[in-house]
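Results of the structural survey
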Amino acid sequence: MGSIELSFPTQAYINGAWVEADQGASFPIENPSNGQVLAQVPNMGQAETRRAIEAAGAAFLLWRERPALERAEILRRIGQIMMAEQECLAHLMTLEQGKPLAESRGEIAYGASYFDWFADECRRGYGAIIPGPSDRRLLVIQQPIGVVGAITPWNFPNAMLARKMAAAIAAGCTVVAKPAELTPLSALALAEISQQAGLPAGVFNVVTTNQPAQVGAELTHNALVRKITFTGSTEVGRILLKQASEHIQKCSMELGGNAPLIVFEDADLDRAVAGAIAAKYRNAGQVCIAANRFLVHASVAQLFAEKLATASAALKVGDGLEPGVAIGPLIEPVAVEKVERHIADAVARGAKILTGGNRHKLGHTFFEPTVLSNVSPQALIFHEETFGPVAPIISFSSEEEGLHLANATPFGLASYFYSQDLARIFRIAEKLESGMVGVNETSISTAVAPFGGVKYSGLGREGSLYGMEEYLEKKYICLGGIN
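Right, let's talk about the overall build of the chain for a bit. A count of helices and strands for the chain gives 15 helices and 22 strands. For 483 residues, the compact-globule estimate of 2.2 N^0.38 gives 23 Å, and the C-alpha radius of gyration of the chain, at 23 Å, lies within 12% of that figure. Seen along its three principal axes, the alpha-carbon backbone of the chain occupies a region of about 70 × 60 × 40 Å. For the chain, the proportion of its 483 residues judged to be buried stands at 57%. A separation of at least 24 residues holds for 73% of the contacts in the chain among residues at least 6 apart in sequence. With the model as given, the accessible surface of the chain reaches about 18600 Å², and the carbon-plus-sulfur share is 53%. Across the chain, 40 positive and 49 negative side-chain charges occur, with their mean positions spaced 5 Å apart.

Here the focus is the nonpolar core. In this structure, Ile 289 and Phe 304 are the most contacted members of the largest nonpolar core, which totals 127 residues. Excluding its chain neighbours within four sequence positions, the residues that come into contact with Phe 304 are Val 263, Leu 269, Ala 272, Val 273, Ala 276, Phe 294, Val 296 and Ile 393. Grouped together as the second largest cluster of nonpolar side chains are 21 residues, Val 147, Leu 219, Val 225 and Leu 240 included.

Moving on, we get to helix H1 (residues 46–63). If you check H1, its first and last C-alpha atoms are 25 Å apart, about what 18 residues at 1.5 Å a residue would give, namely 26 Å. Buried within H1 are the following residues: Glu 48, Thr 49, Ala 52, Ile 53, Ala 55, Ala 56, Gly 57, Ala 59, Phe 60 and Trp 63.

This paragraph deals with the packing of helix H4 (residues 101–121) against helix H5 (residues 159–171). Orientation of H4 relative to H5, taken along the N-to-C sense of each, is 10°, at an axis distance of 9 Å. In terms of orientation, H4 and H5 fall into the roughly parallel class. From H4, Glu 107, Tyr 110, Gly 111, Tyr 114, Phe 115 and Phe 118 reach across to H5, where they touch Ala 159, Ala 162, Arg 163, Met 165, Ala 166, Ala 167 and Ala 170. Each residue belonging to the contact of H4 with H5 can be placed in one class, and the counts come to 10 nonpolar, 1 polar and 2 charged.

To continue, consider the sheet that holds strand E6 (residues 136–144). What the 3 strands build is an open sheet, ordered E5-E6-E22; its pairing is antiparallel. Two strands in the sheet have a free side with no partner beyond their single neighbour: strand E5 (128–130) and strand E22 (472–480). Each adjacent strand pair in this sheet contributes to an overall mean axis angle of 25°, direction not counted. Of the strand pairs in this sheet, E5 and E6 are connected by 3 bridges, and their pairing is antiparallel. Its bridge partner lying in E6, Ile 129 is registered against Leu 139.

Overall, mixed pairing links the 7 strands, which are arranged E14-E15-E16-E13-E12-E18-E19 in an open sheet. Bordering the open sheet on either side are strand E14 (352–355) and strand E19 (436–439), each of which pairs with just one other strand. Looking at each pair of strands side by side, their axes are set apart by 25° on average, direction ignored. Sheet analysis places strand E13 (residues 291–297) next to strand E16 (residues 390–396), joined by 4 bridges and oriented parallel.

Conventions used here
Residues numbered from 1 in each chain as written. Predicted model: local features only at pLDDT ≥ 70, side-chain atom pairs only at ≥ 80, totals over all residues. Heavy atoms only, no water. Helix = DSSP H or I, 4+ residues; strand = E, 2+ residues; numbered from the N terminus. Rg over C-alpha atoms; globule rule 2.2 N^0.38 Å. Buried < 20%, exposed > 50% of the residue type's maximum accessible area, 1.4 Å probe, protein only. Contact = heavy atoms within 4.5 Å. Areas by Shrake-Rupley, 256 points an atom, 1.4 Å probe, with all protein chains shown as cover. Lys, Arg positive; Asp, Glu negative; His and termini not counted. Charge placed at Lys NZ, Arg CZ, Asp CG, Glu CD. Core = buried A, V, L, I, M, F, W, Y, C linked by side-chain atoms within 4.5 Å. Expected span 1.5 Å × (residues − 1). Axes fitted to C-alpha atoms, helices over the stretch in contact; angles between N-to-C directions. Parallel < 35°, antiparallel > 145°, perpendicular 65-115°, else oblique. Nonpolar A, V, L, I, M, F, W, Y, C, P; charged D, E, K, R; others polar. Pairing = 2+ DSSP bridges.

Okay, structure coming up:
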């Protein structure tokens with residue numbers, strides 16, 4: 001890599017080697033801004049995935065014995081190389097995913113932070129000594145679970161893989177990764193960096209495919225795989241959980257969201273609008289923790305809506321490589337169709353378009369930042385995750401009503417609210433049914449805090465001191481005859 005001219009790998013990575021599909025099949029990776037084909041990558045299936053799993057299984061026997069300090073050194077080197085190559089990696093990400101270059105740079109830094117964090121955490125896989133009978137000593141140790149199947153999404157093609165990979169490798173596990181078929185190039189670049197950093201062959205493998213069901217089936221049906229970690233839709237998560245039950249695989253699931261952003265009557269409206277812009281339009285709204293429903297107290301709803309519409313209309317839409325662009329394209333045409341369907345349904349139920357509402361004049365999959373007022377709680381956009389640049393405003397009249405509307409969803413990934421009343425802050429934060437809550441703040445993702453949801457939004461936590469526990473098993477050892 002090392003150059004903005006972008007020399008990046010386009011083969012899959014198995015057992016330390018760059019390989020093609022068995023039958024030579026490949027599929028194209030397109031730039032969503034213009035439809036340009038960036039590369040052809042191998043279209044692999046169950047046979048190639050099985051070999052990757054077997055390579056990871058053999059590598060696990062050695063990697064789990066590597067001292068934590070040695071694992072830490074390699075993890076830290078991966079993060080350092082990522083930051084040294086930040087501009088190149090960000091450029092590549094914008095090309096294949098579409099997000100503005102500034103956001104891509106931020107994602108690379110965010111991804112690198114997980115390698116730095118888990119480089120430290122891997123030295124802290126502490127056990128315990130439990131008080132017991134006088135003639136026995138009761139010990140608890142933690143050991144790596146084994147081969148990990150990691151399935152990652154297209155919206156954060158570097159960071160979502162980094163978050164899983166760093167924790168698993170830190171724990172002493174090995175990984176077979178299946179990146180999203182729309183954005184595999186960032187994962188392959190991460191494989192190249194891991195090779196440069198000295199990660200042994202077989203510890204990290206990347207299988208590229210346009211047949212995700214085949215690869216997913218092999219990961220869940222192969223008895224060598226002891227852990228599945230997935231970020232994606234709730235629908236696919238359900239399928240993987242059912243498949244993983246055959247071999248009782250441990251699962252982490254970071255699934256869909258329907259995040260509310262509540263603005264109470266005592267909120268700092270300017271701060272709330274700034275937070276709303278960040279929570280709604282980052283990555284064109286294609287974020288699992290994006291604010292999907294804006295619940296605003298009736299006394300400030302009109303003023304908030306006007307401020308949000310003005311700020312939204314000022315955002316520049318365009319190719320992510322152009323200076324000043326705040327919103328890039330949606331990932332594919334079907335995403336645009338969903339946005340249009342949600343807007344049409346909301347308008348049919350009485351909503352008013354304050355700004356936007358249409359495909360952008362640039363064409364392709366660009367869409368105007370959109371603000372809707374007077375949205376009904378019966379609208380599709382209230383119940384479904386839009387994954388696009390649309391901010392629907394629903395008003396409420398009391399704290400109880402606002403909380404009820406926020407929790408009126410089977411999802412529970414993230415929630416946000418704005419208030420300056422300290423007592424209310426504690427009340428609402430404790431009663432919101434979500435795994436993460438932002439209070440007067442919407443930039444909540446960090447390597448040091450646990451990321452994950454409740455209800456239909458998933459199982460387990462990533463990042464933080466809890467993140468490595470997902471890849472460790474506790475073993476109890478009873479020593480008798482001490483006296």
